[in-house]
Amino acid sequence: TVFASRVFAQMVGERSMVEVRAVEFPNITMLLDVMRTPAFTSIMEMLFAASDDHAWVLGIEAQLPFQPGGSYFDPALQNLDAQQAIELLQTLGSSGNGDSDPAVIIDMIVSDDPSPFWMVNLIDFYEQANYPDGRETDLTGREANEIYGRSIIPTLLAFNNGPEMTFPVDVVLTKETVSWEQAAIVRYASRDAF
C-alpha cells in the first residue's frame with residue numbers, strides 16, 4: 001500500500017488499488033525483451049480477465065519507498081549433490097580456474113541458498129595483455145580488462161547480477177605478495193546466478 005500511495009497516486013491519480021505487484025528488471029532493455037514474449041502476452045491476458053482495473057507504472061529504484069530485491073533461480077541446479085556438481089563442471093569444461101578452490105565452487109553449486117552475495121575481485125594488471133590463446137596484442141592489461149568489463153555487463157544483468165563498485169587499491173593492509181591495483185565488487189543475485 002505504501003507503493004500504491006506514493007508511486008501510483010503520483011502517476012495515475014487517487015485510485016483504490018486492491019493489489020500491487022512490483023517486478024524488478026535490471027534495465028529497461030530487459031523489460032522490453034520480456035514484454036515481447038508470448039508468455040508475457042498470455043499472462044497479461046489472464047490478468048485482464050481477472051480484474052477490470054489496471055495501472056502500469058515504471059518506478060526508479062532510488063525513488064521507491066522500499067528496497068527492491070531480486071534473485072535468480074535455476075531449477076536445473078536445485079538439489080544437486082557434490083558428485084553432480086563435479087560432473088556439471090566437467091561438462092562445462094571447467095574445474096575451477098586460476099587459484100580458485102574447487103571445493104568452494106562445488107559448495108556454491110550445491111547450495112540452494114536464494115540470497116544475494118557480493119564477490120570482491122582483486123586485480124593486478126599485466127603491463128601488456130596476456131591472452132591464454134597466445135594472440136598478439138598492443139593492449140595493456142588495464143585496457144584488456146576494460147574491454148572485458150564492458151562485454152560482461154549484459155551477461156551479469158541477464159541473471160540479475162551487476163557490478164556494485166570498482167576502485168583503485170592504494171594500500172593493502174595484509175601481507176600480500178601481489179601489489180593489487182584495482183578492486184571490483186560484484187553483486188550476484190544468488191548462488192544459481194553465479
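Before any of the text, the structure's been laid out above.
Computed from a prediction, not measured in an experiment: that's the story for all the values here.

**Student:** Please give an account of the overall build of the chain that cites residues and values.
**Tutor:** Within the chain, the regular secondary structure consists of six helices and three strands. Overall, the chain shows an N-to-C arrangement of helices and strands of α-α-α-α-α-β-α-β-β. In the chain, the proportion of contacts linking residues at least 24 apart, taken out of those at least 6 apart, comes to 63%. Entry remark: accessible area of the chain is about 14100 Å², with carbon and sulfur atoms responsible for 56%.

**Student:** Break down the nonpolar core for me, with residues and values.
**Tutor:** Ranked by size, the top nonpolar core spans seven residues in total: Leu77, Leu80, Ala85, Leu89, Ile105, Ile106 and Ile109. Secondary-structure elements contributing two or more residues to this core are helix H4 (82–91) and helix H5 (102–110). Not counting residues within four places of it along the chain, the set of residues in contact with leucine 77 comprises Leu88, Ile109, Asp112 and Asp192.

**Student:** Go over the side chain of glutamine 78, please, and point to the residues and values.
**Tutor:** Position of glutamine 78 relative to the elements: it lies in the loop between helix H3 (38–50) and H4. Within the structure, the side chain of glutamine 78 is placed 2.9 Å from the side chain of aspartate 192, a separation counted as a polar contact. Beyond its immediate chain neighbours, meaning those up to four positions away, glutamine 78 contacts Phe73, Asp112 and Asp192.

**Student:** For the side chain of glutamine 182, give the residues involved together with the corresponding values.
**Tutor:** With respect to the secondary-structure elements, glutamine 182 resides in strand E3 (residues 182–188). For glutamine 182, a relative accessible area of 15% puts it in the buried group. Each residue touching glutamine 182, except ones within four places of it in the same chain, is listed here: Asn121, Leu122, Ile123, Phe125, Arg142, Asn145, Thr166, Phe167, Pro168 and Val169.

**Student:** Describe the environment of leucine 122, listing the residues and the values that go with them.
**Tutor:** For leucine 122, the position within the fold is in strand E1 (residues 117–123). Here leucine 122 falls in the partly exposed class, since its relative accessible area comes to 41%. Distance from leucine 122 to valine 178, taken between C-alpha atoms, is 9.7 Å for residues 56 residues apart in sequence. Once you skip the residues sitting within four places of it in the chain, leucine 122 turns out to touch Trp180, Gln182 and Ala183.

**Student:** Tell me about the sheet that holds strand E2 (residues 162–168), and name the residues and values.
**Tutor:** Across a sheet, paired strands are connected by hydrogen bonds in the backbone, their directions being either parallel or antiparallel. The three strands lie next to each other as E1-E3-E2, forming an open sheet whose pairing is antiparallel. With one partner strand each, in any of the chains shown, E1 and E2 form the two edges of the open sheet. Adjacent strand axes in the sheet meet at a mean angle of 20°, parallel and antiparallel pairs treated alike. In this structure, E1 lies alongside E3, joined through seven bridges in antiparallel fashion. Residue pairing for E3: valine 120 is matched across the bridge by isoleucine 185. Where helix H6 (residues 141–158) meets the sheet, its contacts fall on E1, E2 and E3, and the angle it forms with E3 comes to roughly 10°.

**Student:** Can you lay out a nonpolar patch on the surface for me, pointing to particular residues and giving the numbers?
**Tutor:** A cluster of nonpolar residues, Ile28, Leu32, Met35, Phe48 and Trp56, forms a patch on the protein surface that exposes about 510 Å² of accessible area. The leading source of residues in the nonpolar patch is helix H2 (residues 28–35), at three residues. The topology assignment puts phenylalanine 48 in helix H3.

**Student:** Account for H5, naming residues and giving values.
**Tutor:** Three or more residues of H5 are buried, namely Ile105, Ile106, Met108 and Ile109. Looking down the long axis of H5, one finds its buried residues gathered within 155° of arc, a one-sided arrangement.

**Student:** An account of unusual backbone geometry is needed here, citing residue identities and associated values.
**Tutor:** For asparagine 79, which is not glycine, the phi torsion reads 60° and is therefore positive. Among the structural elements, asparagine 79 can be located in the loop between H3 and H4.

**Student:** Account for the packing of aromatic side chains, naming residues and giving values.
**Tutor:** Under the counting rule described, the total for this entry stands at three aromatic pairs. Ring centres of phenylalanine 117 and tyrosine 188 lie 5.4 Å apart, and the angle between their planes is 20°; on these two criteria the pair is classed as stacked. Taken together, the residues phenylalanine 117 in strand E1 and tyrosine 188 in strand E3 connect sequence positions 71 residues apart. Tyrosine 188 carries the same exposure label as phenylalanine 117, and that label is buried. Their ring planes at 70° and their centres at 5.9 Å tell us that phenylalanine 117 and phenylalanine 194 sit as a pair that is edge-to-face. Here phenylalanine 117 is found in strand E1, whereas its partner phenylalanine 194 is found in the segment after E3, with 77 residues between them in sequence. Here the aromatic residues Phe117, Tyr188 and Phe194 are joined through ring pairs into a cluster of three or more. One residue, arginine 135, lies across the ring of tyrosine 131, its end atom 4.1 Å from the ring centre.

The rules behind these values
- Residues numbered from 1 in each chain as written.
- Predicted model: local features only at pLDDT ≥ 70, side-chain atom pairs only at ≥ 80, totals over all residues.
- Heavy atoms only, no water.
- Helix = DSSP H or I, 4+ residues; strand = E, 2+ residues; numbered from the N terminus.
- Contact = heavy atoms within 4.5 Å.
- Areas by Shrake-Rupley, 256 points an atom, 1.4 Å probe, with all protein chains shown as cover.
- Core = buried A, V, L, I, M, F, W, Y, C linked by side-chain atoms within 4.5 Å.
- Buried < 20%, exposed > 50% of the residue type's maximum accessible area, 1.4 Å probe, protein only.
- Polar contact = N/O pair within 3.5 Å; in protein donor to acceptor, adjacent residues only side chain to side chain.
- Pairing = 2+ DSSP bridges.
- Axes fitted to C-alpha atoms, helices over the stretch in contact; angles between N-to-C directions.
- Patch = residues over 30% accessible without salt bridge, like charges linked within 9 Å, V, L, I, M, F, W, Y side chains within 5 Å.
- Salt bridge = Lys/Arg side-chain N within 4 Å of Asp/Glu carboxyl O.
- Arc of directions from axis to C-beta.
- Phe/Tyr/Trp six-rings, centres within 6.5 Å; stacked < 30°, edge-to-face > 60°.
- Lys NZ or Arg CZ within 6 Å of the ring centre and 35° of its normal.

The values reported here are purely geometric and, on their own, carry no functional implication.
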